[in-house]
Amino acid sequence: MLCTSINQKWTTSLQHDVLSHFMASHTLPNVFAKSQQDHGVFPLHLIGTHHMCPLTLERVQTHTTSSDHQLASSVVSKQRQESGRPLLAILCTLLHIILVLLHVVILALNISGIEHRLVVQLTSGNEIWVTILSASSQTFYMIYCMILVYLMQRLTFLKNVTRRQTVTALHDTMNAWRGLGSALECLWQQSTVPASRWSILSITAYLTCVFSLHVVSSSIIQLQTFNTTVDASATKISYWPNPDVDMMAIQWQSISALVPTLGRFANLQGMGLHNATLYDIIRPTDKSGRAIVNASSFRANCGLVRNSMLHYSPEINADNFGYFTLNPPISKLNHTMKFKARFVHPYPDEVTINPAISLFFPGPTVAFIASTAVNSSNLPGDETVQHVYWEYPLTSFIGNPQPPLIYRMYDVHVVACTIDIQPHVATVDVQTNQLLGLSPSLEPDAPSEWEAWSAPEEEPKWDIWSPPSASVLHNEKWLVSPFVSGAHHPIGWCMNQDRASCYGLSLLEIFFMQQIGINTQFPDPAFSGFSVLAHPPPIPRKILCSRDKFESALSRAYAALLWMGGGQLGANGGGFDRKHEITTISQQLLQWHLGINLWPLMFALTCSLLMLALSMRVTNGMHGRNNTMPIDSAGVLQIIWLTNRFSVLTDLLSDVEDPREDVLRAAGMIDVDLLQELKDVQVDDC
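Remember, predicted model here, so these are calculated numbers, not experimental data. (Residues numbered from 1 in each chain as written. Predicted model: local features only at pLDDT ≥ 70, side-chain atom pairs only at ≥ 80, totals over all residues. Heavy atoms only, no water.)

Asker: Even after reading the chapter, I still don't get unusual backbone geometry, so can you show me in this structure?
Answerer: Peptide bonds are mostly trans, and most non-glycine residues show a negative phi. Omega for the bond connecting Ser439 with Pro440 falls within 30 degrees of zero, at -5 degrees, which places this linkage in the cis form. Take Pro440: it is sitting in the loop between strand S16 (435-439) and helix H11 (481-484). With a phi close to 65 degrees, Asp349 is a non-glycine residue in the positive phi region. As for its placement among the helices and strands, Asp349 is situated in the loop between strand S11 (337-342) and strand S12 (351-353). Backbone geometry places Asn433, a non-glycine residue, at a positive phi of 60 degrees. Relative to the assigned elements, Asn433 resides in the loop between strand S15 (405-429) and S16. (Helix = DSSP H or I, 4+ residues; strand = E, 2+ residues; numbered from the N terminus.)

So this is what it looks like as structure tokens:
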């Protein structure tokens, strides 16, 4: 009995010592209550081990005394502890450094501009490259950031479970890595129970950088469009006549009849005529771009002729003959000239060209007779007035071979216009032949009043002349022919029965008067031919238009004549042949090149630098350690495994009846060091 009693006491004492040593060193975690939390100290013991069986006691004794068993156990423990933790830390840091270097390299390419050398021609069908580049960039950043997040999440877990901290801090850290939304929620929860502010803030910042990289990834490198110029050859067509074209031999009757129809039956855009400007066009081609061609603009400089320079003195009963008095510079001499000539003037409210008076003026100058009123503050009315007579018979004497005539005086004005040419360099669209620009540009027509005509200081020099001939007419006076020799209206007027007193209006004169605001009234078209106006001329009701309007209308008329004669009819149609020459066009090709957007790149570089700094904070001190927990995650199964072994995890929340998040987090503010107690857990517990 005594032996049995002693044996029992010794066994009980030994069992108590061994269990105390075993539980303190190998099985239970060290639990420390934070000083600011009044949670008390929890007694730690293995769940379901209130006593030990003899077999267990024998194993414990063997464990404490046998060095061979300790060596074997340490080998098993070492095998379970081995992991790739240092490798993960090195790989994580290396990948973050590579991401930063990648953005630095892209920045260097942007500074050097090398990426612009990769050019892709933009054609139909290859627009998919924009989508491919954008999708590829987003896919690369998504996969790369997914790997980085996995490594950071893994390393953060390993670092947190192997150091002493509160259960709430471990809980918040694991929840924050679920996503940016969870991280923001955990960051907000730190305001109530501050378990790990800096850790949650770091995780939130890291996930924010990852999100930002996803956003800007597709805009860092893009295919950008740009225009490039490529020279090509094409054929240009000129509407300007060659110097050897005989302008007096052109059939102006056909050409002048077609000018009034311009713009009514066809759109003149892109056909070589723009107002008073003629420009070369490009023969239709499949090429696109711009071409530099020649252009010429007609510019008329008109003025009222003073009667002191040109004066007409009519004679009564002299068959419309009178005396012209010419003074310099019209006389082309240094003295006054006077000669007798017939002067057929228009009926009131008309403007007609006068070929006889046009011959008096030097160079390319034409003269019009305006039987309208003229208002000008620059000239007194009596300085430009020419007095003429309208000689008409009484109605009862019409048909008499020599009826008595009645003379009624009225006033007309002589308008002289010097025609000049302004050369330009024009830019046209190759496909549409639209005029894109002129150099030098045309000056806008500013409103101007009538002034006295003065001879130009230098006679205009231009290349539209008729070949030299023995004709009395000046070669440059082809400017009169379209008005005089052109097609005429079938109805004309006569002052009296004398054929010499009759005159008619050409279609070009009628068109010109319409352009300056004068509409001529004709009698019934059923009565064609000339009719005698046996009544006195009325007082003019029309006022001559402004000077700039008159000049613009005349310039457009001459441009339309050349365009119609050379561009549409040709030599076979009574005009002249167009010139065909080879010219160079500049093709504007739309192409793609790689473009780097600086602001998204700088934003991505900043995010990658911040991610590198945060990763180095997480991996600090982890490159040389290779000890891990038996558990490799913080899932539900791992929590059940830990709870099944330690009553502290059960007792920690056993008294908490309110399962709200803030209550549970407050209850979990107890320091634990799981690694210290779990690294030597036996594999084969009973």
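Asker: Before we go on, may I ask you to explain the state of the cysteines in this structure?
Answerer: Between two cysteines, a covalent bond joining their sulfur atoms is known as a disulfide. In the structure shown here, the tally under the stated rule is two disulfides. Between the sulfur atoms of Cys302 and its disulfide partner Cys417 the distance amounts to 2.0 Å. Taking the torsion about the S-S bond as the criterion, the Cys302 to Cys417 disulfide, at about 115 degrees, is right-handed. Taken together, the residues span a long stretch of sequence, with Cys302 in strand S8 (residues 290-304) and Cys417 in strand S15 at a distance of 115 residues. Cys417 gets classed as buried once you look at its relative accessible area, which sits at 0%. The disulfide bridge from Cys494 ends at Cys502, spanning 1.7 Å between sulfur atoms. The sign of the 110 degrees torsion about the S-S bond sets the Cys494-Cys502 disulfide as right-handed. According to the relative accessible area criterion, Cys494 is buried, its value standing at 4%. The class for Cys502 is buried, based on a relative accessible area of 15%. Sequence-ordered numbering of the bonded cysteines in the chain gives a pairing of 1-2, 3-4. Lacking any disulfide linkage, Cys209 is separated from the closest cysteine sulfur, that of Cys607, by 4.4 Å. Exposure remark for Cys209: the relative accessible area of 4% places this residue in the buried category. (Disulfide = S-S within 2.5 Å. Buried < 20%, exposed > 50% of the residue type's maximum accessible area, 1.4 Å probe, protein only.)

Asker: Would you mind going over the packing of aromatic side chains with me for this structure?
Answerer: Per the stated rule, a full pass over the model turns up 21 aromatic pairs. Ring plane angle 65 degrees and centroid distance 5.7 Å describe the contact between Phe324 and Phe360, whose orientation is recorded as edge-to-face. One end of the pair, Phe324, is in strand S10 (residues 321-326); the other, Phe360, is in the loop between helix H10 (355-358) and strand S13 (365-370), with 36 residues separating them in the sequence. Phe324 sits in the buried class, given a relative accessible area of 3%. Centre to centre, the rings of Trp450 and Phe550 are 5.5 Å apart; their planes meet at 70 degrees, and the pair counts as edge-to-face. With Trp450 in the loop between S16 and H11 and Phe550 in helix H13 (residues 547-569), this pair connects stretches of sequence that are 100 residues apart. Accessibility expressed as a relative area gives 2% for Trp450, which makes it buried. (Phe/Tyr/Trp six-rings, centres within 6.5 Å; stacked < 30°, edge-to-face > 60°.)

Asker: How should the environment of Ala295 be read in this particular structure?
Answerer: Along the polypeptide, Ala295 turns up in strand S8. If we skip the residues at most four places from it in the chain, Ala295 touches Thr277, Leu278, Tyr279, Gln422, Pro423, His424, Ala426 and Leu438. (Contact = heavy atoms within 4.5 Å.)

Asker: Sorry if this is basic, but what is going on with the pattern of salt bridges here?
Answerer: Pairing between side chains of opposite charge can happen when their charged atoms approach one another. Inspection of every chain in the model, using the stated rule, returns five salt bridges. Ionic pairing is found between Arg547 and Glu551, a salt bridge with its closest N-O pair at 3.0 Å. Placement of both Arg547 and Glu551 in helix H13 is noted, with a separation of four residues, approximately one turn of the helix. On the basis of relative accessibility, which here comes to 15%, the residue Arg547 falls in the buried class. A residue is classified by how much of its surface remains accessible, and Glu551, at 14% relative accessible area, is buried. The network of salt bridges with shared partners includes Lys236, Asp280 and Glu581. (Salt bridge = Lys/Arg side-chain N within 4 Å of Asp/Glu carboxyl O.)

Asker: How do you make sense of the sheet that holds strand S18 (residues 502-506) when you look at a structure like this?
Answerer: In any sheet, the strands associate via hydrogen bonds between backbone groups, in a parallel or an antiparallel arrangement. If you walk across this open sheet you meet the three strands as S18-S17-S19, and the pairing is mixed. In this open sheet, the two strands that pair with only one neighbour each are S18 and strand S19 (529-532). Neighbour to neighbour, the strand axes of the sheet diverge by 25 degrees on average, direction disregarded. Bridging between strand S17 (residues 488-494) and S19 involves four bridges; their strand directions are parallel. (Pairing = 2+ DSSP bridges. Axes fitted to C-alpha atoms, helices over the stretch in contact; angles between N-to-C directions.)

Asker: I keep staring at the sheet that holds S10 and nothing clicks. Help me out?
Answerer: As summarised here, the arrangement of the three strands in space is S9-S10-S11, forming an open sheet in which the pairing is antiparallel. Strands with a single pairing partner mark the edges of an open sheet, and in this sheet they are strand S9 (310-314) and S11. Within the sheet, the average angular offset between the axes of one strand and its neighbour, ignoring direction, is 25 degrees. With five bridges joining them, S9 and S10 adopt antiparallel strand pairing. Note that in S10 the partner of Pro314 across the bridge is Gly322.

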